[in-house]
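Each chain, written out:
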Amino acid sequence: MPETALRFDDVHFAYENASISVEVIRSLSFDVSSHEIFGLVGPSGCGKTTILKLAADLVTGSTSGSIVIDGTSPAQARAERRIAILFQRPILLPWRNVLENVLLPSQIADDPPAPSKAKAMELLDLAGVADFSDRPIHELSGGMQQRVSLVRSLMSEPRLLYLDEPFISLDEVVKEDLLQLTQRVAQSLSLTVLHVSHSLEDSVLLCDRVAVLAPRPTTVSQLIDISLDRPRHYQQRIEPEFLEALSSVRNAVHANGRNALKGGLQ
Ligand SMILES: Nc1ncnc2c1ncn2[C@@H]1O[C@H](COP(=O)(O)OP(=O)(O)O)[C@@H](O)[C@H]1O
Ligand SMILES: [Mg+2]
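Attention here is on the structure that accompanies the text.

## Some remarks on the nonpolar core
Here's step 1: Counting 51 residues, the largest nonpolar core has Leu124, Val204, Ile226 and Val249 as the members making the most contacts within it.
Here's step 2: Top contributing element to this core by residue count: helix α8 (residues 240–255), with six residues.
Here's step 3: Those residues in contact with Ile226, other than ones at most four positions away along the chain, are Val204, Cys207, Asp208, Arg209, Val210, Arg232, Ala245 and Val249.
Here's step 4: Among the nonpolar cores identified, the runner-up in size contains 28 residues, and Phe8, Val11, Phe13 and Leu194 belong to it.

## A closer look at the sheet that holds strand β2 (residues 21–33)
Here's step 1: Taken together, three strands build an open sheet; the order of strands is β2-β1-β4 and the sheet is antiparallel. Two strands close off the open sheet at either side, each with one partner strand: β2 and β4 (62–69). Sheet twist, expressed as the mean angle between neighbouring strand axes with direction ignored, is 10°.
Here's step 2: Strand direction decides the pairing type here: strand β1 (residues 4–16) and β2, joined by nine bridges, are antiparallel. Along β2, the bridge assignment pairs Phe13 with Ile25.

## A short note on the site of ligand 1
Here's step 1: In the vicinity of ligand 1, the contacting residues are Tyr15, Val24, Pro43, Ser44, Gly45, Cys46, Gly47, Lys48, Thr49, Thr50 and Arg216.
Here's step 2: Measuring from an oxygen atom of ligand 1, one finds a backbone N or O atom of Cys46 at 3.3 Å.
Here's step 3: Burial of ligand 1 by the protein amounts to 61% of the accessible area it has alone, namely 560 Å².
Here's step 4: The leading source of residues in the shell around ligand 1 is helix α1 (residues 48–55), at three residues.
Here's step 5: Of the residues contributing to the shell around ligand 1, the split by class is four nonpolar, five polar and two charged.

## Observations concerning the pattern of salt bridges
Here's step 1: Evaluated as defined, the whole model comprises 14 salt bridges.
Here's step 2: Ionic pairing is found between Arg78 and Asp57, a salt bridge with its closest N-O pair at 3.5 Å. Residue Arg78 is located in helix α2 (residues 74–79), and its partner Asp57 is located in the loop between α1 and β4; the two are separated by 21 residues in the primary sequence.
Here's step 3: Lys175 is the partner of Asp202 in a salt bridge, and the nearest nitrogen-oxygen pair spans 3.7 Å. Here Lys175 lies in helix α6 (residues 172–188) and Asp202 lies in helix α7 (residues 200–206), a separation of 27 residues in the sequence.

## With respect to α6
Here's step 1: For α6, which comprises 17 residues, the first-to-last C-alpha distance of 24 Å matches the rise-based estimate of 24 Å (1.5 Å per residue) to within 8%.
Here's step 2: Residues Lys175, Glu176, Leu178, Leu179, Gln180, Leu181, Thr182, Gln183, Val185 and Ala186 constitute the buried set of α6.
Here's step 3: In the core, the buried residues of α6 are packed alongside β3 (37–41), α4 (117–126), α5 (142–154), β6 (160–164), β7 (192–197) and α7.
Here's step 4: Just downstream of α6 lies Ser190, where phi reads positive at about 50°.

## Digging into the packing of α5 against α6
Here's step 1: Axis separation between α5 and α6 bottoms out at 10 Å; the angle between their running directions is 15°. In terms of axis orientation, α5 runs roughly parallel to α6. For α5 against α6, the interelement crossing comes out right-handed. Mapping the contact onto sequence places Gly143, Gln146, Arg147, Leu150 and Leu154 in α5 and Val174, Asp177, Leu178, Leu181 and Val185 in α6.

## Some points on the environment of Phe167
Here's step 1: You can see Phe167 is positioned in the loop between β6 and α6.
Here's step 2: Taking the C-alpha atoms as reference points, Phe167 and Ser73, separated by 94 residues in sequence, lie 29 Å from one another.
Here's step 3: Once you skip the residues sitting within four places of it in the chain, Phe167 turns out to touch Lys175, Leu178, Leu179, Thr182, His195, Asp202 and Leu206.

## Some thoughts on the pairing of strand β9 (residues 220–225)
Here's step 1: The sheet contact formed by strand β8 (residues 209–213) and β9 spans five bridges and is antiparallel. The residue bridging Val212 from the neighbouring strand is Gln222, located in β9.
Here's step 2: Linking β8 to β9, which pair antiparallel, is a turn of six residues.

## Concerning the sheet that holds β6
Here's step 1: Strand order in the open sheet formed by six strands is β5-β6-β7-β3-β8-β9, with mixed pairing between adjacent strands. Two strands close off the open sheet at either side, each with one partner strand: β5 (83–86) and β9. Between one strand axis and the next, the sheet turns through 15° on average, direction left out of account.
Here's step 2: Docked against the sheet, α5 engages β5 and β6, running at close to 170° with respect to β5.

Thresholds, definitions, all that
Residues numbered from 1 in each chain as written. Chains lettered and ligands numbered in written order. Predicted model: local features only at pLDDT ≥ 70, side-chain atom pairs only at ≥ 80, totals over all residues. Heavy atoms only, no water. Core = buried A, V, L, I, M, F, W, Y, C linked by side-chain atoms within 4.5 Å. Buried < 20%, exposed > 50% of the residue type's maximum accessible area, 1.4 Å probe, protein only. Helix = DSSP H or I, 4+ residues; strand = E, 2+ residues; numbered from the N terminus. Contact = heavy atoms within 4.5 Å. Pairing = 2+ DSSP bridges. Axes fitted to C-alpha atoms, helices over the stretch in contact; angles between N-to-C directions. Near = heavy atom within 4 Å. Polar contact = N/O pair within 3.5 Å; in protein donor to acceptor, adjacent residues only side chain to side chain. Areas by Shrake-Rupley, 256 points an atom, 1.4 Å probe, with all protein chains shown as cover. Nonpolar A, V, L, I, M, F, W, Y, C, P; charged D, E, K, R; others polar. Salt bridge = Lys/Arg side-chain N within 4 Å of Asp/Glu carboxyl O. Expected span 1.5 Å × (residues − 1). Parallel < 35°, antiparallel > 145°, perpendicular 65-115°, else oblique. Left-handed = near helix turned anticlockwise from the far one by under 90°.

Structure, rendered in structure tokens:
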């Protein structure tokens, strides 16, 4: 049996302030194995970003159930910088150059050792952006910036990589590059990946397993194995094996009811 890297067990969550309570997650359970690329697919607003934030201890509200990361809590995993997160849009300092952006979080963190320029260059090379290390961020395309964000998040040598719809605002060619890069990085750094998206296609292309989420308050409505060979390419989208996997996910989404489709699944 593979080791479990991340486990949600009967998790409930609601955003709460003085006047309102928004129930987002109801009895959510799933396990992600070590080195697996696991996907959560669900309609916009169902709670995908909230799930990632809970798994990274980045959100407060009314919570019950348990979330365990390699035997510890999300808070401890975050404190030990074992989690990297890549959001939909890169969050970088536009006037600083690529290398400065990559080194910044480790300079701010109070944990020695000092950030290593050699390590940064190695990762920039893996991501295919080493030649741009002294260029200011604002001169780079959106796809290049996303690569730099990925490199920055990998500087702390994380065990887990969370991806929050990282391909959504990119054009097709750039998506293909990032799909390749994500698979390469996950494999060469032995990462466990949790990917959330409303795109069925992106989820099937990237993931080993996909959990289909119900509309809010969300829970897992079905788990589907995606046993396509790797590395996977966007061109595969017209191949029968891919279409079969996509249709099993699509059927699960339909079985979820018409509400799921209203939320804007693609
Ligand atoms: N800080 C917050 N306070 C209250 N409600 C929130 C907050 N953040 C998100 N929500 C609500 O929680 C629900 C889930 O949001 P989110 O996790 O961002 O969904 P998704 O990523 O699937 O689009 C939405 O209805 C959203 O409006
Ligand atoms: Mg979101």
